[in-house]
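Take a look at the letters that make up each chain.
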Amino acid sequence: MYDGPGHARETRVSNRTSSIATMRRRRRGLVVCLLLLIILLPVPALAVGVGVFPQTLEFGEVLRGARLTRSLGVINDSDEPRILTFGSTGAVGPWLTASRPTDGRVLEALEMAPGERASVNITMVVPDEVSNGSVSGELRVVSNPTPDNTQDGAEVGVGVVVPVNASVTGTQNLAGRIDEFFLSEVEAGLPLIGTVTITNESNVTIQPDVSMEVFFDSESVGIVEVETLALATGESGTFVAEWPTSGQPEGDYTARVEASLSDLRLEPRIADFTLLPSGSLSRSGELQTLELDNLPGPGGIAVVNATVVNDGQVETKVRFIGDLRLEGLVVQPVGSLDRRILPDESVVIQLFMDVEREGIYTLSGRADFDGVQSEVRSLTFEVGAEDSIWSRPSTWIIGVGGLVLLALLLVVLIRYSRYLERR
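Residues numbered from 1 in each chain as written. Predicted model: local features only at pLDDT ≥ 70, side-chain atom pairs only at ≥ 80, totals over all residues. Heavy atoms only, no water.

A separate point is the pairing of strand 7 (residues 117-125). Within a regular strand, the side chains alternate between the two sheet faces. By the bridge criterion, 9 bridges tie strand 3 (residues 67-75) to strand 7 in an arrangement that is antiparallel. If you follow L68 over to strand 7, its bridge partner there is M124. Across 4 bridges, strand 5 (residues 96-99) lies against strand 7 in antiparallel orientation. If you follow S99 over to strand 7, its bridge partner there is N121. (Pairing = 2+ DSSP bridges. Helix = DSSP H or I, 4+ residues; strand = E, 2+ residues; numbered from the N terminus.)

When the pLDDT values of the protein chain are averaged, the result is 83; 81% of them are 70 or greater. Confidence drops under pLDDT 50 across residues 31-48; counting only partners more than four residues distant or on other chains, this segment forms 22 contacts. (pLDDT = per-residue confidence, 0-100. Contact = heavy atoms within 4.5 Å.)

Right, let's get into the pattern of salt bridges. The tally for this structure, following the rule as stated, stands at 14 salt bridges. Across the salt bridge formed by E187 and R283, the nearest N and O atoms sit 2.4 Å from each other. With E187 in strand 11 (residues 186-187) and R283 in the loop between strand 18 (269-276) and strand 19 (285-292), this residue pair connects regions lying 96 residues apart in the sequence. Residue classification places R283 among the partly exposed residues on the basis of a relative accessible area of 22%. Its salt-bridge partner being R340, residue E242 comes within 2.6 Å of it at the nearest N-O pair. Of this pair, E242 sits in strand 15 (residues 236-243) while R340 sits in strand 23 (residues 339-341), placing them 98 residues apart in sequence. Beyond isolated ion pairs, a larger network of salt bridges with shared partners links E213, R256, E258 and R265. (Salt bridge = Lys/Arg side-chain N within 4 Å of Asp/Glu carboxyl O. Buried < 20%, exposed > 50% of the residue type's maximum accessible area, 1.4 Å probe, protein only.)

Printed below as a string of structure tokens:
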């Protein structure tokens, strides 16, 4: 029934009012969504962290009763000292231990300087009674503040989880060979370095047992056990043996290396060498580069990587000797501990320096190879305003990524709102 033009106008006004109210509700909903997105967008983590590499530990096929080792790199990526602790969970959790590569001692904790990198051995000992099949677990590396940097227990440890995988097998066909055995030239008082290369031809991953025995006038004068790592099927590995020559007479010697894969003994290899008088072999080396490893602020610590190479004939000790200058004035001497380096080997020595004030700093120094010094190298770097979170590259990467994500979501929400308005 038609009620006249007045009724029609009222209907149109009512519909328009309803449409406006609907649009306002949608806009309020859009604003709420945007606020939620801003709140939920990731912000740069302020927690002090720890980095690990590789991100997964793969042990491959393992035998019951086997003992295998993998190397895990860790880094303190903070600007303060941290203490790393290690734990493990899952089926392989009870099988894992962390130890020092140098002496094999189990690690309860590892204290690391700012920016320091280190290597940790993760050893798996497979129980004799375990069933065949795939097993896994997790290694947890937690970075904790040192007692000096903990304030009323407010700071907690942060860490990373490293997945650990293995496959237990009970059927083994053991086979392998010693491919090469070389001895370095050596003079009295320095260690004899032997390198042995072994190939695993078995159908399982296995860790070889290797030893080197030294003979003088056909009599045994010493035997050393060689630290090894697990070899996958078809994989070859080169391992290093060191025999101390201190107290031994100069002259001609014979060294024999023996290896076994579980119960299988491989064909041994023999090599001759001469223990030369002390000072017979040349010592020399080069300080190749000095590189700044971080961006320190005033009151912080500058970390510099010094790359050195031993181009002499003998293993030697190397250390860095130098000083740090601010605007031309010496502010502190800079040095490092002695580090052993093989002939033709290149190593990185990390140097840590306090930089108390802003300004232009210059690090100058040389590498000392058992008294033979390299040419001087210098590195100049600037310490500017105090470091903040916004001066870190990771902050800007996360921030830009967040803004891009916000823009994309804003476009989607606007288009969706327009679509609803047209319905």
